[in-house]
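Each chain, letter by letter, is given below.
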Amino acid sequence: MTEARGIVLPDDQVRVLRLMAEGDTIDVVARKLGISERTVRRRARAACDTLGCETTIEAIVWAVRHGHL
């Protein structure tokens, strides 16, 4: 788990955001992590919900700014 300013992101969500930040598409992230594309979308959405972001890009920017990626 990764924590910043009292916000905790589970490792599985951080891994998804990290791969997406590197430019991987949902299908590539799914293959790399051995999970379904639906699970990738669900984890990205959960990270957004936790961080109060509307888009995955916003969540990635937040994670970069707070040293998680």
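In what follows, the accompanying structure is described. (Residues numbered from 1 in each chain as written. Predicted model: local features only at pLDDT ≥ 70, side-chain atom pairs only at ≥ 80, totals over all residues. Heavy atoms only, no water.)

### Here's the deal with the nonpolar core
Argument step 1. Judged by nonpolar contacts, the single largest core of 19 residues is most densely connected at Leu-9 and Leu-51.
Argument step 2. Of all the elements in the fold, those that place two or more residues in this core are strand 2 (7–9), helix 1 (11–21), helix 2 (26–33), helix 3 (37–51) and helix 4 (56–65). (Core = buried A, V, L, I, M, F, W, Y, C linked by side-chain atoms within 4.5 Å. Buried < 20%, exposed > 50% of the residue type's maximum accessible area, 1.4 Å probe, protein only. Helix = DSSP H or I, 4+ residues; strand = E, 2+ residues; numbered from the N terminus.)

### Some points on the pattern of salt bridges
Argument step 1. The final tally for this structure, using the stated rule, is five salt bridges.
Argument step 2. Notably, a salt bridge pairs Asp-24 with Lys-32, separated by 2.7 Å at the nearest N-O pair.
Argument step 3. Taking relative accessible area as the criterion, Asp-24 reaches 18% and is therefore assigned buried.
Argument step 4. In this structure, Glu-37 and Arg-41 form a salt bridge, with 3.9 Å as the shortest nitrogen-oxygen distance. You can see Glu-37 and its partner Arg-41 sitting in helix 3, four residues apart, about one turn around the helix.
Argument step 5. Assessed through its relative accessible area of 44%, Arg-41 is described here as partly exposed. (Salt bridge = Lys/Arg side-chain N within 4 Å of Asp/Glu carboxyl O.)

### Describing helix 4
Argument step 1. Here helix 4 has its buried residues at Ala-59, Ile-60, Trp-62 and Ala-63. Across the axial projection of helix 4, the buried residues extend over an arc of 160 degrees, all falling on one side. Along helix 4, the residues that are exposed and aim more than 90 degrees away from the buried face are Ile-57 and Arg-65.
Argument step 2. Gly-67, located one to two residues past helix 4, shows a positive phi value of around 80 degrees. (Arc of directions from axis to C-beta.)

### Description of the packing of helix 2 against helix 3
Argument step 1. Between helix 2 and helix 3, the shortest axis-to-axis distance is 8 Å and the interhelical angle comes to 105 degrees. As far as their axial angle goes, helix 3 and helix 2 are roughly perpendicular. The residues of helix 3 that touch helix 2, namely those facing Ile-26, Asp-27, Val-29 and Ala-30, are Glu-37, Val-40 and Arg-41.
Argument step 2. Looking at the contact of helix 2 with helix 3 residue by residue, the class counts come to four nonpolar, no polar and three charged. (Axes fitted to C-alpha atoms, helices over the stretch in contact; angles between N-to-C directions. Parallel < 35°, antiparallel > 145°, perpendicular 65-115°, else oblique. Contact = heavy atoms within 4.5 Å. Nonpolar A, V, L, I, M, F, W, Y, C, P; charged D, E, K, R; others polar.)

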